[in-house]
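Chain and residue survey
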Amino acid sequence: MLVGYAHVSTLDQSPALQRDALRTAGCERILVEEASGSHRDRPELIAALDYLRKGETLVVWKLSRLARSLKQVIKTVSDIGERGVSLKVLTQNIDTTTPEGRLFFHMTAAFDEFQRELIVENTRAGLEAAHRRGRRGGRPSVMTEERRKQAEALLKDTTHYPFIGDVIDQLKIGRTAFYRYFPTDRIRQLRAEHSESAQT
């Protein structure tokens, strides 16, 4: 039996792509997690592992959907293997039912971790070089007080701006910058306030 696990990390990401790929792969059951990529508590992943029996297979769309760090990935796959359960990764052609698949898994996981570390090192080196030249690290703030108030108003207007992407497009700022000032908890709070005021 194949059990699929999908993971999305922001409010307006859709799991449809992952779910369709998992269904096409033959998954009889698909569990979807909606949480931050670095969040350690993943109840849907735990539920998927509890549901699987020896000889069955957990299927994910991409290795990064399973965990964010090399240590976490290897631990998860080790836990899966101890249960007699295999792992299949669709986009990276990983299948731990074979020796070659297990080797390729370790190589891919290590390479993914190396890429993340390289990005962090390059960013740190760039900031240090800029600091030596007397420049402060990072970009100037794009979220002025006026734009922040506009963002709050747009987030509350769920009728005209039902998707977070619509708000970001209207503000004409980057997605990363937007979520830096408006994390998911703040977005939920603003939208809840709008819902409560609409009911009164």
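Residues numbered from 1 in each chain as written. Predicted model: local features only at pLDDT ≥ 70, side-chain atom pairs only at ≥ 80, totals over all residues. Heavy atoms only, no water.

Before going further, it helps to examine the nonpolar core. Residues Leu58, Leu66 and Leu87 are the most contacted members of the largest nonpolar core, which totals 19 residues. Elements with a contribution of two residues or more to this core: β1 (2-8), α2 (43-51), β3 (57-60), α3 (70-82) and β4 (86-89). Setting aside chain neighbours within four positions, we find Leu87 in contact with Thr57, Leu58, Val60, Leu63, Leu66, Val77, Ile94, Asp95 and Thr96. In this structure, Met143, Ile164, Ile187 and Leu190 belong to the second largest nonpolar core, which totals 15 residues. (Core = buried A, V, L, I, M, F, W, Y, C linked by side-chain atoms within 4.5 Å. Buried < 20%, exposed > 50% of the residue type's maximum accessible area, 1.4 Å probe, protein only. Helix = DSSP H or I, 4+ residues; strand = E, 2+ residues; numbered from the N terminus. Contact = heavy atoms within 4.5 Å.)

The next point concerns unusual backbone geometry. The backbone of Lys172 shows a phi angle near 60 degrees, a positive value even though the residue is not glycine. Assignment of secondary structure puts Lys172 in the loop between α6 (164-171) and α7 (175-181).

This brings us to the confidence of the model for the protein chain. Should pLDDT be low for a region, the predicted coordinates there are not to be read in detail. Summarising the model, the protein chain shows a mean pLDDT of 79, and 77% of its residues fall at 70 or more. Within the protein chain, the lowest mean pLDDT, 69, falls on helix α4 (residues 99-132), and the highest, 93, falls on β3. (pLDDT = per-residue confidence, 0-100.)

Think of a sheet as strands paired side by side through backbone hydrogen bonds, with each pair either parallel or antiparallel. Pairing is mixed across the open sheet formed by 5 strands, whose spatial order is β2-β1-β3-β4-β5. Strand pairing shows two members of the sheet lacking a second neighbour, β2 (29-34) and β5 (94-95), which therefore form its edges. Across 2 bridges, β4 lies against β5 in antiparallel orientation. Of the residues in β5, the one forming a bridge with Lys88 is Asp95. (Pairing = 2+ DSSP bridges.)

On to the pattern of salt bridges, then. All chains considered together, the criterion is met by 6 salt bridges. Of the charged contacts in the structure, one is a salt bridge between Glu152 and Arg186, with a shortest N-O distance of 3.1 Å. One end of the pair, Glu152, is in helix α5 (residues 145-156); the other, Arg186, is in helix α8 (residues 184-199), and 34 residues separate them in sequence. The shortest N-O distance in the salt bridge between Asp185 and Arg188 comes to 3.5 Å. A residue pair is termed a helical-turn pair when its members lie 3 or 4 positions apart in one helix, as Asp185 and Arg188 do in helix α8 at 3 residues. According to the relative accessible area criterion, Asp185 is exposed, its value standing at 58%. (Salt bridge = Lys/Arg side-chain N within 4 Å of Asp/Glu carboxyl O.)

Inspection of every chain in the model, using the stated rule, returns 2 aromatic pairs. Considering the side-chain rings of Phe178 and Tyr179, the 5.3 Å spacing of their centres and the 80 degrees angle between planes classify their relative orientation as edge-to-face. Accessibility assignment for this pair places Phe178 and Tyr179 in one class, buried. Summarising the aromatic geometry, the rings of Phe178 and Phe182 are spaced 5.4 Å apart at their centres and angled 25 degrees between planes, so their arrangement reads as stacked. (Phe/Tyr/Trp six-rings, centres within 6.5 Å; stacked < 30°, edge-to-face > 60°.)

Mapped onto the secondary structure, Ile168 falls in helix α6. Ile168 gets classed as buried once you look at its relative accessible area, which sits at 5%. Sequence separation of Ile168 and Tyr179 is 11 residues, and the distance between their C-alpha atoms is 9.5 Å. When residues no more than four places from it in sequence are discounted, the contact partners of Ile168 are Ile173, Gly174, Arg175, Phe178 and Tyr179.

The next subject is the pairing of β4. Pairing of β3 with β4, which is carried by 4 bridges, proceeds in the parallel orientation. Note on β4: the bridge partner recorded for Val59 is Lys88. In this antiparallel pair of consecutive strands, β4 and β5, the connection spans 4 residues, and Asn93 shows a positive phi of 55 degrees.

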